[in-house]
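# Structure assessment
One letter stands for each residue in the lines below.
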Amino acid sequence: MRNIPIPVDTNRLSFTCVKAPRPRLVNQDTGEIKKDKDGQIVHEVVLLVEDETGRIELVKVGLSGDSLVSPGDEVIPVGLVGYVWEMGQRWGISYRATSFTPAGVGARA
């Protein structure tokens, strides 16, 4: 399976941080922390995502480097993309963003 990024249109979604960023682990047994190709630690942020109809999902978003988001912050993920993954009979979509910006009043057009 090719690992092609799928861009996510965030214009009709609202995002709220529900869990503070923490380093993503490669191996839970050894505690090895995941790093990107530039050697920066990859953090995992849990977001509550709500669409226009009120449907709510929780998603984990990977982010390289430090992020200053806290639980309760409304944010806009910048450069949000999804990657389809498959392991045996299981599959899913992992998400990655380049950064987060505060979702202040008038932040969206």
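Described in the following lines is the structure provided in the data block. The model shown is predicted, which means the values in this text are computed figures rather than measured ones.

## Some thoughts on a nonpolar patch on the surface
Together, Leu25, Ile33 and Ile41 make up an exposed nonpolar region whose accessible area comes to about 210 Å². Topologically, Ile41 is positioned in the loop between β4 (32-33) and β5 (42-51). When its relative accessible area of 31% is taken as the criterion, Ile41 is described as partly exposed.

## Topic: the pattern of salt bridges
A complete count under the given rule lists four salt bridges for this structure. Among the ionic pairs, Arg12 bridges to Glu52, the shortest N-O distance being 3.7 Å. Note that Arg12 is positioned in the loop between β1 (6-7) and β2 (13-23) and Glu52 in the loop between β5 and β6 (56-64), a separation of 40 residues in sequence. Of the residues examined, Arg12 reaches a relative accessible area of 58% and is grouped as exposed. Salt-bridge contacts for Arg55 lead to Glu57; the nearest nitrogen and oxygen are separated by 2.8 Å. Look at the salt bridges and you will find they share partners, linking Arg22, Arg24 and Glu44 into a network.

## Describing the nonpolar core
In a soluble, globular protein the nonpolar side chains are often hidden away together inside. In this structure, Phe15, Val45, Leu47, Val61, Val69, Val75 and Phe100 are the most contacted members of the largest nonpolar core, which totals 13 residues. Within the residue set of this core, elements represented by two or more residues are β2, β5 and β6. Setting aside chain neighbours within four positions, we find Val45 in contact with Cys17, Lys19, Pro21, Val59, Lys60, Val61, Val69 and Phe100.

## Notes on the sheet that holds β6
Here we have eight strands laid out as an open sheet, ordered β1-β8-β9-β6-β5-β2-β7-β10, and mixed in their pairing. Bordering the open sheet on either side are β1 and β10 (99-102), each of which pairs with just one other strand. Of the strand pairs in this sheet, β2 and β5 are connected by eight bridges, and their pairing is antiparallel. Bridge pairing in β5 places Cys17 opposite Leu47.

What counts and how
- Residues numbered from 1 in each chain as written.
- Predicted model: local features only at pLDDT ≥ 70, side-chain atom pairs only at ≥ 80, totals over all residues.
- Heavy atoms only, no water.
- Patch = residues over 30% accessible without salt bridge, like charges linked within 9 Å, V, L, I, M, F, W, Y side chains within 5 Å.
- Areas by Shrake-Rupley, 256 points an atom, 1.4 Å probe, with all protein chains shown as cover.
- Salt bridge = Lys/Arg side-chain N within 4 Å of Asp/Glu carboxyl O.
- Helix = DSSP H or I, 4+ residues; strand = E, 2+ residues; numbered from the N terminus.
- Buried < 20%, exposed > 50% of the residue type's maximum accessible area, 1.4 Å probe, protein only.
- Core = buried A, V, L, I, M, F, W, Y, C linked by side-chain atoms within 4.5 Å.
- Contact = heavy atoms within 4.5 Å.
- Pairing = 2+ DSSP bridges.

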